[in-house]
Amino acid sequence: MNTSAFILFLGIVAITLIITYYAAKKTNSTNEFYTAGGGLTGWQNGWAIAGDYMSAASFLGIAGTIALSGFDGFFYSIGFLVAYLVVLYLVAEPLRNLGKYTMADMIAARFNNKKIRGVAALNTITISIFYMIAQLVGAGSLIKLLLGLDYVTSVLIVGALMTVYVVFGGMRATSWVQITKAVLLMGGTFIVSIIVLAKFHFSITEMFEQMKTATPLKESFLNPGNKYKVPLDTLSLNLALVLGTAGLPHILTRFFTVKDAPTARSSVVHATWLIGIFYIMTIFLGFGAAAFVGYDNILAADKGGNMAAPLLARALGGDLFFAFISAVAFATILAVVTGLVLAAASAFAHDFYTHIIRKGDANEKEQMSVARWASVGVAVVSILLSLFAQKLNVAFLVSVAFAIAASANLPVILFTIFWRRFNTAGAITGMLTGLISALILVIVSPSVWSPEPGKAILVGQALFPYANPGIISIPLGFLGAWIGTWLSRSSDSAKYDEILVKAHTGMKL
């Protein structure tokens, strides 16, 4: 066991538990539990969004994908960053103006229907669990490499910690854990990037020239087509990445933690700058790992390439630096999974239990109790599923969650705001079509089925040729919402003018 790493791990855990302890003192209402009382400032929420968004997929998965596949790995960085333009211009302010705690609140502002709330809650829980699996896979691989613990034990440790943060601290603890993590991650990534650049004499040109001979891919390392050899597969991935963020529940709920829509927009601007700088630095992480760790060593540590960044830290600065970067990666995972657990628990407790089962009659104490038990339930399900996904790259797992979010949530969000004819039937049909089509296409994709043992979860021939379902499931989500609307004779346009004004100004007619 690496003693330095163990001490740093304990330090990270201690800091986050102290944050949770103080946050728990103020978390005595559903408003505090779900949204931290709406009291975060623009810069605070911006850092928290960045901390929520820069996940294990970003730090571990992208670095590994770039190191192993070259240019194709950078598609993730580009897609994740560009996605915030969609959030900024189309989603952030309307969501804050129309919603209260969850995405379903926004849709219910126009369609006050229990079925819509139920389907929206199902989408939120499904997306959150897929995203959480990626974080737990990264955590399992990281702790196994660093502390010598087996994968199952590592996943259980992270699962237990994330449950404690949410159950006791709610959104306030989650937000400050995410802010702390974002500061650590930006600082750690900056240090690694500077050291890598120094190895190339601070010359970007020299770095690119040397990368032409540094990996088994030779000159093709700098060209697209190493991982995604089919152009439509590349397009499918990028559609999911660019459009998916605007439908991710744990990102959308962050806009309810500020007092008004202008502050929500301000927080997105802050987050975009932070995220943009970080994703530029992933180039140095990936290139550095390829050059100074080596293709075979990265694969030997983890078949998904998820340990490239920590191994790079060891190659550059020895065991102490390796321990520090690994502790930062651990903080990254903890921060993201707490946000995911909270989003899923809020959807179950607020949308499903309070509004459907109890028909709005649940008191504060009852809602808080259900939300906390839901947090435990979501954590248990995610842990169990992550045990079967150990060999998969975490960036890929997150891209699947993005595809589901873009297919199931984004069409309904946009149509709710911008289409007068849109109705209840269209909302339900669109959400279910997007969700079911994305899940089915993932199940029959090459990521789950492969003729070669060990390459995927199951051995066999894939029925769907692309790793990401976005190119099919996203249009199906929009098409399902459109067909469902036109086939239904009902009209829900009476509140449209009020919704349109409120969505863009915050004013009520």
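The text that follows walks through the structure, step by step, so that each part is easy to find. Each residue is numbered by its place in its chain's sequence as written, counting from 1. Per-residue local features are limited, in this predicted model, to residues with pLDDT of at least 70; the limit for side-chain atom pairs, both in listing and counting, is 80 or more; totals at the level of whole chains, interfaces and linings are taken over all residues. Water and hydrogen atoms play no part in the side-chain values, which are based on all heavy atoms of the structure.

For the rest of this paragraph, the subject is the overall build of the chain. The helix and strand tally for the chain stands at 20 helices and two strands. In this description the radius of gyration comes from C-alpha coordinates, and the expected globular size is given by 2.2 Å times residues to the power 0.38. Over its C-alpha atoms the chain spans a radius of gyration of 22 Å, differing by no more than 12% from the 23 Å that the globule rule assigns to 509 residues. With respect to the three principal axes, the spread of C-alpha positions in the chain is 65 × 50 × 40 Å. Contacts between residues were defined by any pair of non-hydrogen atoms, one from each residue, lying within 4.5 Å. For the chain, restricting intrachain contacts to residue pairs at least 6 apart in sequence, the fraction spanning at least 24 positions comes to 82%. A 1.4 Å probe and the Shrake-Rupley method give the accessible areas. Residues count as covered only by the protein chains that appear here. Summing over all exposed atoms, the chain offers an accessible surface of approximately 18,600 Å²; the carbon and sulfur share of this is 67%. Think of it this way: Lys and Arg go in the positive column, Asp and Glu in the negative one, and His and the chain ends go nowhere. The location of each charge is read from NZ of Lys, CZ of Arg, CG of Asp or CD of Glu. For the chain, the separation between the mean place of its 33 positive charges and that of its 22 negative charges on side chains is 6 Å. Secondary structure counts use DSSP, requiring at least four H or I residues in a row for a helix and at least two E residues in a row for a strand, with both numbered from the N terminus.

To continue, consider empty space enclosed by the protein. The method works on a 1 Å grid over the protein atoms by themselves. A cavity is a set of points holding a 1.4 Å probe that cannot get out, a pocket is an open set with protein on both sides within 12 Å along at least five of seven lines, and residues with an atom within 4 Å of a point line them. Grid points are joined across faces, edges and corners, and a volume is the space filled by probe spheres set on the points. Taken as a whole and judged by the stated rule, the model has three cavities of 30 Å³ or more. In this structure, the largest cavity encloses a volume near 60 Å³. Forming the boundary of the largest cavity are I12, I15, T16, V177, T180, K181, L184, A331, L334 and A335. Sorting the residues of the lining of the largest cavity by element identifies helix 1 (3-26), helix 8 (151-199) and helix 14 (308-357) as the ones contributing at least two each. Here the lining of the largest cavity takes four residues from helix 8, the largest share from any one element. For the lining of the largest cavity, a count of residues per class yields seven nonpolar, two polar and one charged. When residue character is reported, Ala, Val, Leu, Ile, Met, Phe, Trp, Tyr, Cys and Pro are called nonpolar, Asp, Glu, Lys and Arg charged, and the others, Gly included, polar.

Now for the pattern of salt bridges. Any carboxyl oxygen of Asp or Glu that lies within 4 Å of a side-chain nitrogen of Lys or Arg is treated as forming a salt bridge with it. Per the counting criterion, the structure on display carries seven salt bridges. Put simply, R117 and D105 hold a salt bridge, and the shortest N to O gap is 3.0 Å. Here D105 lies in helix 6 (residues 103-108) and R117 lies in helix 7 (residues 114-147), a separation of 12 residues in the sequence. The shortest N-O distance in the salt bridge between R420 and D497 comes to 2.8 Å. In this pair, R420 sits in the loop between helix 17 (410-418) and helix 18 (424-443) while D497 sits in helix 20 (residues 496-505), placing the two residues 77 residues apart along the sequence. We call a residue buried when its accessible area falls under 20% of the maximum for its residue type, exposed when it is over 50%, and partly exposed in between, using a 1.4 Å probe and counting protein chains only. Overall, the relative accessible area of 37% leaves D497 in the partly exposed class. Put simply, D105, R117 and D351 are held in one network by salt bridges that share partners.

Let us now look at a nonpolar patch on the surface. Every patch collects residues that have over 30% relative accessible area and no salt bridge, joining them within 9 Å if they carry like charges and within 5 Å if they are nonpolar side chains (Val, Leu, Ile, Met, Phe, Trp, Tyr). Together, I78, V82, L85, Y89, L90 and F418 make up an exposed nonpolar region whose accessible area comes to about 530 Å². For the nonpolar patch, the element with the highest residue contribution is helix 5 (residues 71-98), accounting for five residues. The residue L90 is located in helix 5 in this model. Since its relative accessible area comes to 32%, L90 is described here as partly exposed.

All right, on to the nonpolar core then. If you look at the biggest cluster of nonpolar residues, it comprises 157 residues, and the most contacted ones within it are Y53, F59, F80, F255, F330 and F402. No other element matches the 23 residues that helix 14 contributes to this core. We define the nonpolar core as a collection of buried residues of types Ala, Val, Leu, Ile, Met, Phe, Trp, Tyr and Cys that are connected through side-chain atoms lying within 4.5 Å of one another. Residues L441, V444, F464 and I471 belong to the second largest nonpolar core, which totals five residues.

Residues other than glycine seldom take positive phi values, yet F202 does so here, at roughly 55°. If you trace the backbone, F202 turns up in the loop between helix 8 and helix 9 (204-211). Non-glycine residue K218 carries a positive phi angle of around 55°. The topology assignment puts K218 in the loop between helix 9 and helix 10 (231-244).

Looking at where W43 falls in the secondary structure, it is placed in helix 3 (residues 42-53). Accessibility expressed as a relative area gives 43% for W43, which makes it partly exposed. Once the C-alpha coordinates of W43 and V269 are considered, the two residues, 226 residues apart in sequence, prove to be 8.9 Å apart. Any pair of N or O atoms that falls within 3.5 Å is considered a polar contact. Within protein, one atom must be able to donate a hydrogen and the other to accept it, and sequence-neighbouring residues count only if both atoms are side-chain atoms. Within the structure, W43 has its side chain in polar contact with the side chain of T41 (distance 3.3 Å).

With respect to the helices and strands, H250 occurs in helix 11 (residues 249-252). Accessibility expressed as a relative area gives 2% for H250, which makes it buried. If near-sequence neighbours (up to four positions away) are discounted, H250 is found in contact with D52, Y131, G339, L340 and A343.

Only Phe, Tyr and Trp rings take part, Trp by its six-membered ring, and two of them pair if their centres are within 6.5 Å. Stacked means planes under 30 degrees apart, edge-to-face means over 60, and tilted covers everything else. Per the stated rule, a full pass over the model turns up 22 aromatic pairs. Arranged with centres 5.5 Å apart and planes meeting at 55°, the rings of F221 and F287 form a pair that is tilted. Of this pair, F221 sits in the loop between helix 9 and helix 10 while F287 sits in helix 12 (residues 261-292), placing them 66 residues apart in sequence. According to the relative accessible area criterion, F287 is buried, its value standing at 6%.

Inspection of the secondary structure assignment puts H350 in helix 14. A distance of 2.9 Å separates polar atoms of two side chains, one belonging to H350 and the other to D105. If sequence neighbours within four positions are ignored, H350 has contacts with Y34, Y101, T102, D105, R117, H355 and Q367.

To continue, consider the packing of helix 17 against helix 20. Two elements in contact, helix 17 and helix 20, have axes whose closest approach is 8 Å; the angle formed by their N-to-C orientations is 105°. Considering the angle they form, helix 17 stands roughly perpendicular to helix 20. In contact with T416, I417 and F418 of helix 17, helix 20 contributes Y496, I499, L500, A503 and H504. Angles run from 0 to 180 degrees between N-to-C directions of axes, and those axes are lines fitted to C-alpha atoms, restricted for helices to the stretch in contact. In this scheme, roughly parallel covers angles under 35 degrees and roughly antiparallel covers those over 145, while 65 to 115 is roughly perpendicular and the rest are oblique.

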